[in-house]
Amino acid sequence: MSKQETPPRPRQPRATYRSRRRVLASLSNTSSSASPSSDTIVLACSNPSTPPSSPPPPSKRSRVRQAPTTTFSAKKSAEGVPKENKVQTYLSLSNKPHRTTCPQCGMSYDTLSPDDTRLHSRFHARAIGGVDVSIPSHCTPVATLYLQRQGTNRARKASIYKFAVRDLSSGSTALRSVKAGVDATLRLCNSELSAPDEHLAALSHRAEATVFVCVAGRYANENKIPDTPSNGAHAIVGLCLVERTEAGYFMSVDTGRVLRQSEERLIMGISRIYTVHSARRTGVAQAVLDAARRNFVYGLEVGKDGVGWSQPSESGCRVATRWCSVPMTEDEVREDRGDKVGDDVQGQMNIHRKIRVYVERV
């Protein structure tokens with residue numbers, strides 16, 4: 001007896017996500033047109049707080065593209081702030097040291113670092129040629145001089161102006177350029193003297209603090225050969241900050257010691273004096289000092305014996321020695337030098353000099 005062959009069972013269509021959506025849509029249409037039954041309500045209005053155990057995958061047509069969420073690190077990178085503090089390294093194939101010191105302005109910088117090179121270029125231009133400034137038309141110079149470098153026949157005209165520190169710190173719009181130029185020149189002076197970086201606002205409390213600036217035309221090239229300024233630009237080539245003082249002492253130029261029993265009565269104290277490198281040895285410092293002692297007190301010309309210096313540096317001592325130093329007595333030399341003096345002290349009295357110094361108020 002042969003087996004009876006059974007026909008193959010028809011394959012049932014597999015339920016897909018589209019067929020489920022069609023069933024749900026038909027049920028929802030039925031429930032909206034007719035009165036909903038209890039089974040329909042249970043099927044159409046399921047509890048949303050209990051998610052299904054295995055949600056169906058979304059179809060390609062119904063997939064919604066969401067905007068990418070921007071994290072905190074992405075925000076920082078979009079704004080240009082680096083995510084991490086990375087340090088750029090450089091490969092030097094040369095035997096020469098990459099750190100050098102400029103022989104003109106004296107600044108040490110890294111030649112492989114673009115930031116250091118850019119900073120040196122800016123500092124070099126200011127230390128050599130001066131800081132650009134625009135003097136208001138209503139300001140009148142208190143003195144005029146001509147700057148002539150050694151070995152050249154050309155000279156340029158310079159003017160010296162007097163400004164009170166309180167007027168510059170008051171925020172006047174007309175003196176805004178002068179204030180910025182004086183602040184930048186003071187920073188150059190303090191960096192060269194290794195002094196605290198003080199601005200004009202911090203010096204306004206001092207008694208009758210006054211600044212004398214020497215302004216000259218800026219030349220078109222670095223050789224200073226042309227006789228005409230470039231585009232009418234002017235720069236501060238010299239600065240002297242003075243204040244009122246009452247008492248001081250004598251200091252030996254050789255050893256830097258303050259001599260005992262040498263109290264002197266002073267009127268004007270020199271807090272800062274600075275000259276840019278291109279204008280040195282041209283008489284700027286002495287011209288600014290003479291203009292300061294003649295115009296510091298209204299109607300009174302202060303003598304050199306009434307001027308004191310505040311902790312002069314090595315270059316400041318050379319300027320003070322040429323300008324207002326006096327010879328030391330024999331007793332002062334023996335007190336200052338001690339056993340190092342010989343019997344020929346009387347013949348060398350003109351060599352040992354002293355200057356007047358004062359204690360600067362903070």
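Everything below is about the structure shown above.
The structure presented is a predicted model; accordingly, all values stated were derived computationally and were not measured.

**Q** Describe the overall build of the protein, with residues and values.
**A** A count of helical and extended segments in the protein gives 10 helices and 13 strands. The buried share among the 362 residues of the protein stands at 32%. Put simply, of all contacts in the protein between residues at least 6 apart along the chain, 65% involve residues at least 24 apart. Only carbon and sulfur atoms are counted for the fraction: they give 49% of the accessible area of the protein, which is about 24900 Å².

**Q** Before we move on, could you go through the packing of aromatic side chains and cite the residues and values that matter?
**A** Scanning all chains against the criterion turns up two aromatic pairs. Consider the rings of Tyr161 and Phe163, whose centres lie 6.4 Å apart with planes at 25°: the pair is stacked. A relative accessible area of 13% places Tyr161 in the buried class. Seen from their ring centres, Trp309 and Trp323 are 6.4 Å apart, and the 80° between their planes marks the pair as edge-to-face. Placement of the pair is Trp309 in strand 11 (residues 307-309) and Trp323 in helix 9 (residues 314-324), with a sequence separation of 14 residues. We note that Trp309, like Trp323, is buried. The side chain of Lys354 reaches across the aromatic face of Phe250, ending 4.1 Å from its centre.

**Q** So, the layout of surface pockets: which residues are in play, and what are the values?
**A** Leftover empty space is mapped by rolling, across the atoms, a probe with the size of a water molecule. Approximately 1000 Å³ is the volume found for the largest pocket. The set of elements that each furnish at least two residues to the lining of the largest pocket consists of helix 6 (176-193), strand 10 (268-275), helix 8 (284-295) and helix 9.

**Q** Report on helix 6, specifying residues and quantitative values.
**A** Between its first and last C-alpha, helix 6 extends 26 Å over 18 residues, near the 26 Å set by a 1.5 Å rise per residue. Where helix 6 ends, the next residue or the one after it, Ser194, has phi of about 55°, a positive value.

**Q** Let's hear about the pairing of strand 13 (residues 353-357): which residues, and what values?
**A** Across a regular strand the side chains alternate sides, sitting on one face of the sheet and then on the other. Across the five residues of strand 13, five count as buried, placing the element largely inside the fold. The pairing of strand 8 (residues 247-252) with strand 13 spans four bridges and is classified as antiparallel. Each residue of the ladder has a partner; that of Phe250, found in strand 13, is Arg356. With two bridges joining them, strand 12 (residues 326-327) and strand 13 adopt antiparallel strand pairing. Following the sheet pairing, Val326 is matched in strand 13 by Lys354.

**Q** Lay out the pattern of salt bridges with the relevant residues and their values.
**A** Applying the stated criterion across every chain, the model contains 11 salt bridges. Note that Glu208 is salt-bridged to Arg244, the shortest N-O span being 3.6 Å. Taken together, the residues Glu208 in the loop between helix 7 (200-203) and strand 6 (210-217) and Arg244 in strand 7 (residues 234-244) connect sequence positions 36 residues apart. Accessibility expressed as a relative area gives 45% for Glu208, which makes it partly exposed.

**Q** Please provide a residue-by-residue account of the side chain of Asp290, values included.
**A** On the secondary structure map, Asp290 appears in helix 8. A distance of 3.0 Å separates a polar atom in the side chain of Asp290 from a polar atom in the side chain of Trp323. Sequence-distant contacts of Asp290, that is, excluding residues within four places in its chain, are made with Lys304 and Trp323.

**Q** Report on the environment of Leu300, specifying residues and quantitative values.
**A** Of note, Leu300 is situated in the loop between helix 8 and strand 11. Apart from residues no more than four positions distant in its own chain, Leu300 is found in contact with Arg293 and Arg294.

**Q** Before we move on, could you go through the environment of Ala195 and cite the residues and values that matter?
**A** With respect to the helices and strands, the residue Ala195 is situated in the loop between helix 6 and helix 7. Under the relative-accessibility criterion, Ala195 is labelled partly exposed at 23%. When sequence neighbours within four positions are dropped, the list of residues in contact with Ala195 reads Asn190 and Arg272.

What counts and what doesn't
- Starting from 1, residues in each chain are numbered consecutively following that chain's sequence as written.
- Per-residue local features of the predicted model are confined to residues with pLDDT of at least 70, and side-chain atom pairs are confined, for both listing and counting, to 80 or more; whole-chain, interface and lining totals are unaffected and use all residues.
- Computation of side-chain values: all heavy atoms of the structure, hydrogens and water removed.
- Numbering of helices and strands runs from the N terminus; a helix is a DSSP stretch of H or I covering at least four residues, while a strand is a stretch of E covering at least two.
- A simple rule labels every residue: compare its accessible area, found with a 1.4 Å probe on the protein chains alone, to the largest value its type can have, and call it buried under 20%, exposed over 50%, or partly exposed in between.
- Here, residues are in contact when the closest pair of their heavy atoms is within 4.5 Å.
- Note that accessible areas follow from Shrake-Rupley with a 1.4 Å probe, and for residues the cover is restricted to the protein chains shown.
- When two rings of Phe, Tyr or Trp (its six-membered ring) have centres within 6.5 Å they constitute a pair, described as stacked for plane angles under 30 degrees, edge-to-face for angles over 60, and tilted for the intermediate range.
- By definition here, charges over rings are those cases where NZ of Lys or CZ of Arg is within 6 Å of the ring centre and within 35 degrees of the ring normal.
- A cavity, in this analysis, means grid points on a 1 Å lattice covering only the protein atoms where a 1.4 Å probe fits yet has no way out; a pocket is instead an open set bounded by protein on both sides within 12 Å along at least five of seven lines, and a residue lines either one if it has an atom within 4 Å of a point.
- Grid points are joined across faces, edges and corners, and a volume is the space filled by probe spheres set on the points.
- Expected span of a helix: the number of residues minus one, times 1.5 Å.
- At least two DSSP bridges between two strands are required for those strands to pair.
- Salt bridge, as used here, is a side-chain nitrogen of Lys or Arg placed within 4 Å of a carboxyl oxygen of Asp or Glu.
- Throughout this description, a polar contact denotes any pair of N or O atoms lying within 3.5 Å of each other; where both atoms belong to protein, one of them has to be capable of donating a hydrogen while the other can accept it, and for residues adjacent in sequence the pair is counted only when both atoms sit in side chains.

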